[in-house]
Amino acid sequence: MAKRGEGAPERRGFATRAIHDGDWSEPVAEQPVSTPAWLTADYLYETFDHYADVINERRPGFVYGRYGNPTHFALARVLASLEGAEAAWPFASGMAAIHTALTSLVRTGGHIVAQRTLYGGTFSLLTKGFAGYGVESAFVDPEADAVARAITPRTGAVFLEPLANPTFRVADVEGVASVCAERNVPLVVDNSVATPFLLRPLELPGVTMVVHSTTKYLNGHADVIGGAVAGPASSIDRIRSLAIEQGTTAGAFEAWLTLRGIQTFPLRIERQCATAMALAEAVEGHAAVEAVGYSGLGMHPDHDRAKVLFGGMGFGAMLGATVRGGYEAAARVGRALRLARVGSSFGSLHTEVCHPATTSHRQLSAEDRAAAGIADGLIRIAVGGEDPEDLIDDFLQALGQA
């Protein structure tokens, strides 16, 4: 008897054969080396009961793209593994991941405590998006005592970035986690900059969830937008339900690109951290540089904290350099660079620089930027995979024109 998808071509019309004769329904005994990208949006079932059982989770199977497919679940598995989490879920962007994580914890009339030096997009989400839901946010220094003072009976979550973007001050993650555990307040940590190579926040008592922009170091090739949330299975079940309802699950191809990138992540991030250290040391004493924000430097105010928190794995792959002379001097450096380029993101193999005050942190007022330590002369340097000597030469010649 002919199997489904087979049959004499003359018994079927041309369009029918074009649609059905390419179907592959046979099991494959061999394991593919690379996890395939499941690009189908939906699935076929033998009966109505089969479909109903799968969508109601009475039997294993797949339903529809936003519910997840094998590529999504493979990515979720490795993300959870890297973060030491029970579970994870991939999102269409880092902001979608942050929004969903906080939405799962905070209700109308609630309160969020976040650190003062925060990615501009997250700051905007809290001050505009969540404010529109009737959720108030307080911005404080990422220190245990400051967070403890800011927590109120309405506080539904505390939000922290271990390595503040773009100043790269190091948060008191352990102290804040201890306060949150004592007060029974969920702590959400954005680990996009530090990455699980340097820090696994979920290993600290008091950390509830970790969020990521997987666009950055985890994917590492500047060719995908994605995000993720990792944490306890009970939390991620709620997170995934919200992603299904909101339609914010990562696209299948984007999930596959991220899965591919993660395979080289340990190699890339180790090299990028080492190069960032070398570059920070090279520009630290330059006459045109007022200050260097990199916790690997012995004179950095958070150096000792970083050594303990990151366990000797490195100090991150980005640094901030404040150029004497404000914006105009910083702009001259940006124009003079030959290898590094002005760019909008970080985490890829191309070294990119930006001027946070006018771009990534433009949402902050001048007063808020000053409070966060974002000077007009600050340049954020996202180190890529180039040879360290070439990058050092490039920045030294560019600083010479400041």
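As a starting point, this report considers the structure included with it. As the structure is a prediction and not an experimental result, all values here were calculated from the model.

### Here's the deal with the side chain of Asp 302
Turning to step 1, where the next piece is worked out: Along the chain, Asp 302 turns up in the loop between strand E8 (289-293) and helix H12 (303-310).
Turning to step 2, where the next piece is worked out: Given a relative accessible area of 5%, Asp 302 falls into the buried group.
Turning to step 3, where the next piece is worked out: Within the local environment of Asp 302, its side chain forms a polar contact with the backbone nitrogen of Val 170, the two atoms lying 2.8 Å apart.

### Description of helix H3 (residues 70-83)
Turning to step 1, where the next piece is worked out: The terminal C-alpha atoms of H3 lie 20 Å apart, and with 14 residues this matches the ideal 20 Å at 1.5 Å per residue to within 8%.
Turning to step 2, where the next piece is worked out: Here the buried face of H3 lies against strand E1 (87-91), helix H8 (195-198), strand E6 (209-212), strand E7 (227-231) and helix H10 (252-262).
Turning to step 3, where the next piece is worked out: Following H3 by one or two positions, Gly 84 has its phi on the positive side, about 70°.

### Observations concerning the layout of surface pockets
Turning to step 1, where the next piece is worked out: In this structure, the largest pocket encloses a volume near 850 Å³.
Turning to step 2, where the next piece is worked out: Trp 24, Ser 25, Trp 38, Tyr 43 and Leu 44 are, among the 22 residues lining the largest pocket, the residues nearest its centre.
Turning to step 3, where the next piece is worked out: Grouping the constituent residues of the lining of the largest pocket by class yields 11 nonpolar, 6 polar and 5 charged.

### A short note on the packing of helix H4 (residues 94-103) against helix H9 (residues 233-246)
The relative placement of two packed helices comes down to the angle between their axes together with the axis-to-axis distance.
Turning to step 1, where the next piece is worked out: Contact geometry of H4 with H9 gives a least axis separation of 10 Å together with a crossing angle of 120°. Considering the angle they form, H4 stands oblique to H9. Handedness of the H4/H9 crossing: right-handed. Of the residues in H9, those in contact with His 99, Thr 100, Ala 101 and Thr 103 of H4 are Ile 239, Leu 242 and Gln 246.

### Digging into helix H11 (residues 265-284)
Turning to step 1, where the next piece is worked out: In this model H11 runs 28 Å from its N-terminal to its C-terminal C-alpha over 20 residues, within 8% of the 28 Å that 1.5 Å per residue would give.
Turning to step 2, where the next piece is worked out: Taken together, the buried positions of H11 are occupied by Phe 265, Arg 268, Ile 269, Gln 272, Cys 273, Thr 275, Ala 276, Met 277, Leu 279, Ala 280 and Val 283.
Turning to step 3, where the next piece is worked out: Buried residues in H11 make contact with H8, H10, E8, strand E9 (318-323), strand E12 (378-382) and helix H15 (388-399).

### Considering the sheet that holds strand E11 (residues 352-354)
Paired through their backbone hydrogen bonds, the strands of a sheet run either parallel or antiparallel.
Turning to step 1, where the next piece is worked out: The strand order E8-E9-E12-E11-E10 describes an open sheet built from 5 strands, whose pairing is mixed. In this open sheet, the two strands that pair with only one neighbour each are E8 and strand E10 (341-342).
Turning to step 2, where the next piece is worked out: As paired elements, E9 and E12 share 5 bridges and run antiparallel to each other. In the strand pairing of E12, Gly 320 is matched with Arg 380.
Turning to step 3, where the next piece is worked out: Its contacts with the sheet put helix H13 (residues 326-336) on E9, E10 and E12, and the angle it makes with E9 is roughly 125°.

### So, the pairing of strand E4 (residues 155-160)
Turning to step 1, where the next piece is worked out: Across the 6 residues of E4, 6 count as buried, placing the element largely inside the fold.
Turning to step 2, where the next piece is worked out: Bridging between E4 and strand E5 (residues 187-190) involves 3 bridges; their strand directions are parallel. Its bridge partner being in E5, Phe 159 is matched across the sheet by Val 188.
Turning to step 3, where the next piece is worked out: A crossover links E4 with its parallel partner E5, the connecting element being helix H7 (residues 173-183), and its sense is right-handed.

### Some points on the environment of Arg 77
Turning to step 1, where the next piece is worked out: Tracing the sequence through the fold places Arg 77 in helix H3.
Turning to step 2, where the next piece is worked out: Taking relative accessible area as the criterion, Arg 77 reaches 60% and is therefore assigned exposed.

### Describing the side chain of Asp 172
Turning to step 1, where the next piece is worked out: Residue placement: Asp 172 occurs in the loop between E4 and H7.
Turning to step 2, where the next piece is worked out: At 3.5 Å, the side chain of Asp 172 and the backbone nitrogen of Ala 144 are in polar contact.
Turning to step 3, where the next piece is worked out: When near neighbours in sequence (up to four residues on either side) are disregarded, Asp 172 contacts Pro 142, Glu 143, Ala 144 and Arg 305.

### Observations regarding the packing of aromatic side chains
How two aromatic rings sit relative to each other is set out by the distance from centre to centre and by the angle between their planes.
Turning to step 1, where the next piece is worked out: As enumerated under the stated definition, the model contains 9 aromatic pairs in all.
Turning to step 2, where the next piece is worked out: Ring centres of Phe 123 and Phe 139 lie 4.9 Å apart, and the angle between their planes is 40°; on these two criteria the pair is classed as tilted. You can see Phe 123 sitting in helix H5 (residues 120-132) and its partner Phe 139 sitting in strand E3 (residues 136-140), a full 16 residues away along the chain.
Turning to step 3, where the next piece is worked out: A residue is classified by how much of its surface remains accessible, and Phe 123, at 9% relative accessible area, is buried.
Turning to step 4, where the next piece is worked out: With 5.7 Å between their ring centres and 50° between their planes, Tyr 217 and Phe 346 make a pair best called tilted. Residue Tyr 217 is located in the loop between E6 and E7, and its partner Phe 346 is located in the loop between E10 and E11; the two are separated by 129 residues in the primary sequence.

Analysis parameters
Residues numbered from 1 in each chain as written. Predicted model: local features only at pLDDT ≥ 70, side-chain atom pairs only at ≥ 80, totals over all residues. Heavy atoms only, no water. Helix = DSSP H or I, 4+ residues; strand = E, 2+ residues; numbered from the N terminus. Buried < 20%, exposed > 50% of the residue type's maximum accessible area, 1.4 Å probe, protein only. Polar contact = N/O pair within 3.5 Å; in protein donor to acceptor, adjacent residues only side chain to side chain. Expected span 1.5 Å × (residues − 1). Contact = heavy atoms within 4.5 Å. 1 Å grid on protein atoms, 1.4 Å probe; cavity = no way out; pocket = protein on both sides within 12 Å on 5 of 7 lines; lining within 4 Å. Points joined across faces, edges and corners; volume = space filled by probe spheres on them. Nonpolar A, V, L, I, M, F, W, Y, C, P; charged D, E, K, R; others polar. Axes fitted to C-alpha atoms, helices over the stretch in contact; angles between N-to-C directions. Parallel < 35°, antiparallel > 145°, perpendicular 65-115°, else oblique. Left-handed = near helix turned anticlockwise from the far one by under 90°. Pairing = 2+ DSSP bridges. Right-handed = clockwise from strand over helix to strand, strands pointing away. Phe/Tyr/Trp six-rings, centres within 6.5 Å; stacked < 30°, edge-to-face > 60°.

Take it as geometry only, folks, not as evidence of what the structure does.
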